[in-house]
Amino acid sequence: MFKRRRTRNITGIIVAIIYCIVLFEILIDAPPGEAPNNPPWVYPMIPIGAIAITSLFDYVIKFDFFKRKKK
């Protein structure tokens, strides 16, 4: 009858954003004057890793640092 609102784990989202930024910086790093030379399969690792991290925090770890219960 009533839909239960699904709560997302804020810690997982923040860790996934940090992962995306760090991996992007690593992938675009190249010597000056040269283009980054990475295989094509490396770039899909950014969204796949973000999905894996948020799923891990939502379903397995279930600890949210930002939503603590008040006493």
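Refer to the structure above for everything that follows.
Bear in mind the structure is a predicted one, so any value in this text is a computation, not a measurement.

Calculation rules
- Residues numbered from 1 in each chain as written.
- Predicted model: local features only at pLDDT ≥ 70, side-chain atom pairs only at ≥ 80, totals over all residues.
- Heavy atoms only, no water.
- Salt bridge = Lys/Arg side-chain N within 4 Å of Asp/Glu carboxyl O.
- Helix = DSSP H or I, 4+ residues; strand = E, 2+ residues; numbered from the N terminus.
- Buried < 20%, exposed > 50% of the residue type's maximum accessible area, 1.4 Å probe, protein only.
- Phe/Tyr/Trp six-rings, centres within 6.5 Å; stacked < 30°, edge-to-face > 60°.
- Patch = residues over 30% accessible without salt bridge, like charges linked within 9 Å, V, L, I, M, F, W, Y side chains within 5 Å.
- Areas by Shrake-Rupley, 256 points an atom, 1.4 Å probe, with all protein chains shown as cover.
- Contact = heavy atoms within 4.5 Å.

## Structural notes on the pattern of salt bridges
And then number 1: Within this structure, the stated rule accounts for one salt bridge.
And then number 2: A salt bridge links D58 to R8, with the shortest nitrogen-to-oxygen separation between them at 3.1 Å. A residue pair is termed long-range when its members are at least 10 positions apart, and D58 in helix α2 (residues 45-61) and R8 in the segment before α1 (10-28) qualify at 50 residues.
And then number 3: In this structure R8 comes out as partly exposed when scored by relative accessible area, which is 36%.

## A few points about the packing of aromatic side chains
And then number 1: Tallying each qualifying case throughout the model produces one aromatic pair.
And then number 2: Centroid distance F65 to F66: 5.6 Å. Interplanar angle 85°. Geometry classified as edge-to-face.

## Here's the deal with a nonpolar patch on the surface
And then number 1: A surface patch of nonpolar side chains, amounting to about 1100 Å² of accessible area, comprises I14, I18, V22, I26, L56, Y59, V60, I61, F63, F65 and F66.
And then number 2: Take F63: it is sitting in the segment after α2.

## Some remarks on the environment of A16
And then number 1: Turning to its location among the elements, A16 is positioned in helix α1.
And then number 2: Spatially, the C-alpha atoms of A16 and I53 are 5.8 Å apart, while their sequence positions differ by 37 residues.
And then number 3: In contact with A16, not counting residues within four places along its chain, are A50, I53 and T54.

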